[in-house]
Amino acid sequence: MSQEQQNPIVDENHIIAERREKLAHLRKNGVAFPNDFVPTHHANDLHAHYGELSKEHLAEKNITVKVAGRMMLKRVMGKASFATVQDRTGQIQFYINDADAGADAHNAFKHWDMGDFIAAEGVVFKTNKGELSILVKDLRLLSKSLRPLPDKFHGLSDQELKYRQRYVDLIVSPETRQTFIARSKAMASIRHHMQDAGFMEVETPMLHPIPGGAAAKPFITHHNALDMQMFLRIAPELYLKRLVVGGFERVFEVNRNFRNEGVSPRHNPEFTMMEFYAAYTDYKWLMTFTEELIRAAAIDAQGTAVLTYQGKALDLSKPFQRLTIAEAILKYAPLSKKEYTAAQLEDKEFIRAELKKAGEDINGPTLKNAGLGALQLALFEATAEEHLWEPTYIIDYPIEVSPLARESDTRPGITERFELFITGREIANGFSELNDAEDQAERFRKQVEQKEAGDEEAMYFDADFIRALEYGMPPTGGCGIGIDRLMMLITDSPNIRDVILFPHMRKED
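All of these numbers come straight from a predicted model, not from anything done at the bench.

A word on the pattern of salt bridges
For the structure on display, the rule yields 28 salt bridges. Among the salt bridges present, the one from Arg140 reaches Asp36, with a minimum N-O distance of 2.9 Å. Of this pair, Arg140 sits in strand S5 (residues 132–143) while Asp36 sits in the loop between helix H2 (8–28) and helix H3 (43–50), and the two are 104 residues apart along the sequence. Where Arg295 meets Glu291, a salt bridge forms, and the shortest distance between an N and an O atom there is 2.8 Å. Residue Arg295 and its partner Glu291 are both found in helix H11 (residues 283–302); the two are separated by four residues, about one turn of the helix. Accessibility classification places Arg295 together with Glu291 in one group, the buried group. A single network of salt bridges, built from pairs that share partners, joins Arg19, Lys22, Asp113, Asp116 and Lys144.

Here it is in structure tokens:
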């Protein structure tokens, strides 16, 4: 084993020291970090326009370009050298020799390092091996890299380091760059889809005096000037519905939410949601619209709605199935080696016994006084949810777990609500909105009772939201989509941290 392999930290410190000496020399001899070079072309554009032309045809055209980027590879071969330069679009090769670039510039280049930002003006040509390149006429160093890049053959292999040092991950990993390019395309698609459907994009507060709109633990902070406790937003729902009250009939917000809960492959304490609300619609309309939105985002990001997720086919092109909670248990619980009958799912004591077998705390604040619907939901989560691979809407949630949803006119205790599951995880939650101020106030009071009984995720009583509803809100449908989880599907990413540029991590020490 080499000394370099035995002492990677010592070796890196030695490299950094050498590079600092080079930078000191640059400072001594002029401007070390110039800012007067403007590229005229990018790597992928050059490949697209000239990659198919012959060597002779390119020579006849005599195309002059100016290109800049990070040096990723370097080969010095006596009187000629090669550099692979990476810009935001891709990579292209520089060819440097004494005759065209000048002996002084070529000699200076020999002392530059991989990771440096370099710029060249030159002529597009093809090497004898047919590689599109730039014959460099003028060469400059724009920015000195003090730290060495990861080994070019192994890249950044430490997964935690990829998350902590995303900037390095993006430099060396084309796959990571492509993930976030696809995310950007999907988000652009979503915004266009919303705007084409007549929705207005809005922004609502991220600091709330009362956390609301979801059942979750909030982050708590303090506003010094106002001398009041505040909460980071767990959901924008109640503010968006205030806007519907105010007359904006179709609104949406792509927002950051914060929930003071666990970190897992599916959870990050800070995450992106899109919530949207449309007057004169209901939960059935929402399901159709959400399905179309997700399908379009996949097509615009990846060119198809027929995807592969973690080696298994995922078809977003087919109509999404719709099942009640009980129907989903009967269909999918057998995959968890559980067989139930419809009659058993109507028996509260039977379900409580099954939940106890599954390790659920049936005497905890959530389930101790739960009704049949909430018990069915808990059994669904324990036995069926993880098996919903194909897109599936679970519909008709019980009122006791849906404090903001409209109750069905024909089935007491059931709300007009759905949750969308894909690959066994929740992607969206929507419902016909409760617009009855008196009913909403009573639901809030029940939530307060649950909170006082120990349910930390129960909602607060929001008196101002009740006041807004008292002015009148039209019939409305609303939905929230977990953007990060959706991007996991679209980009075939197993961990939510793979689709968040800077995920939260424990302290390095």
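So, next bit.
What about the confidence of the model for the protein?
Low-pLDDT portions of the prediction should not be read for the details of their coordinates. Residue-level pLDDT values for the protein average 94, and 97% of them are 70 or greater. A low-confidence stretch, residues 1–6 (pLDDT under 50), is modelled with two contacts involving residues beyond four sequence positions or located in other chains.

Focus: the packing of aromatic side chains
Aromatic rings in a pair are described by how distant their centres are and how their planes are angled relative to each other. Counted by the stated rule, this structure contains 15 aromatic pairs. Through pairs of rings, three or more aromatic residues link up here, namely Phe199, Phe276, Trp285 and Phe289. One residue, Lys312, lies across the ring of Trp389, its end atom 4.5 Å from the ring centre. Sitting over the face of the ring of Tyr397, Arg417 holds its NZ or CZ atom 4.3 Å from the ring centroid.

Details of the UniProt feature "binding site: Mg(2+) 1" (unreviewed entry) in the protein
Within this structure's numbering, the places UniProt gives as "binding site: Mg(2+) 1" (unreviewed entry) are Glu419 and Glu426. Within the secondary structure, Glu419 is located in strand S16 (residues 417–422). Not counting chain neighbours up to four residues away, the residues in contact with Glu419 comprise Thr392, Tyr393, Ile394, Tyr397, Glu426, Ala428 and Asn429. By the element assignment, Glu426 lies in strand S17 (residues 425–432). Ignoring any residue separated from it by four or fewer positions in sequence, one finds Glu426 in contact with Glu419, Leu420, Phe421 and Arg485.

Focus: the pairing of strand S1 (residues 64–77)
Where S1 lies against strand S4 (residues 117–126), seven bridges are found, and the strand directions are antiparallel. Following the sheet pairing, Arg70 is matched in S4 by Phe117. Of the strand pairs in this sheet, S1 and strand S2 (residues 80–86) are connected by seven bridges, and their pairing is antiparallel. Paired with Leu73 across the strands is Thr84, a residue of S2. In sequence, S1 turns back onto S2 through a hairpin of two residues, with Gly78 there showing a positive phi of about 70 degrees.

With respect to the UniProt feature "binding site: Mg(2+) 2" (unreviewed entry) in the protein
Per the UniProt record, "binding site: Mg(2+) 2" (unreviewed entry) is found at Glu426. The partly exposed category is assigned to Glu426, whose relative accessible area is 28%.

Here we look at the sheet that holds S17
Read from one edge to the other, the open sheet built from eight strands follows the order S6-S10-S11-S18-S17-S16-S15-S14, with strand pairing classed as mixed. Where the open sheet ends on each side, the last strands, each with one partner, are strand S6 (200–201) and strand S14 (321–324). Strand direction decides the pairing type here: S16 and S17, joined by six bridges, are antiparallel. Bridged to Ile422 within S17 is Arg425.

Some thoughts on the sheet that holds S2
Pairing is mixed in the closed barrel, where five strands are placed in the order S1-S2-S3-S5-S4. The mean inter-strand angle of the sheet, taken between neighbouring strand axes irrespective of direction, is 55 degrees. With three bridges connecting them, strand S3 (residues 91–97) and S5 associate as parallel partners. Counted as the bridge partner of Phe94 is Ile134 from S5.

Digging into unusual backbone geometry
In this structure, Gln310 takes a positive phi of about 50 degrees despite not being glycine. The backbone phi angle of Asp396 is positive, close to 65 degrees, even though this residue is not glycine.

Quick notes on the pairing of strand S9 (residues 228–232)
Pairing of strand S7 (residues 207–208) with S9, which is carried by two bridges, proceeds in the antiparallel orientation. Within S9, the position partnered with His208 by the bridge is Phe231. Relative to S9, strand S8 (residues 220–223) runs antiparallel, the two sharing four bridges. Pairing of Ile220 across the sheet is with Phe231, part of S9. Hairpin connection, S8 to S9: the antiparallel pair is bridged by four residues, and Asp227 has positive phi, about 50 degrees.

The rules behind the values
Residues numbered from 1 in each chain as written. Predicted model: local features only at pLDDT ≥ 70, side-chain atom pairs only at ≥ 80, totals over all residues. Heavy atoms only, no water. Salt bridge = Lys/Arg side-chain N within 4 Å of Asp/Glu carboxyl O. Helix = DSSP H or I, 4+ residues; strand = E, 2+ residues; numbered from the N terminus. Buried < 20%, exposed > 50% of the residue type's maximum accessible area, 1.4 Å probe, protein only. pLDDT = per-residue confidence, 0-100. Contact = heavy atoms within 4.5 Å. Phe/Tyr/Trp six-rings, centres within 6.5 Å; stacked < 30°, edge-to-face > 60°. Lys NZ or Arg CZ within 6 Å of the ring centre and 35° of its normal. UniProt positions renumbered as here; feature names shortened; annotations may be inferred. Pairing = 2+ DSSP bridges. Axes fitted to C-alpha atoms, helices over the stretch in contact; angles between N-to-C directions.

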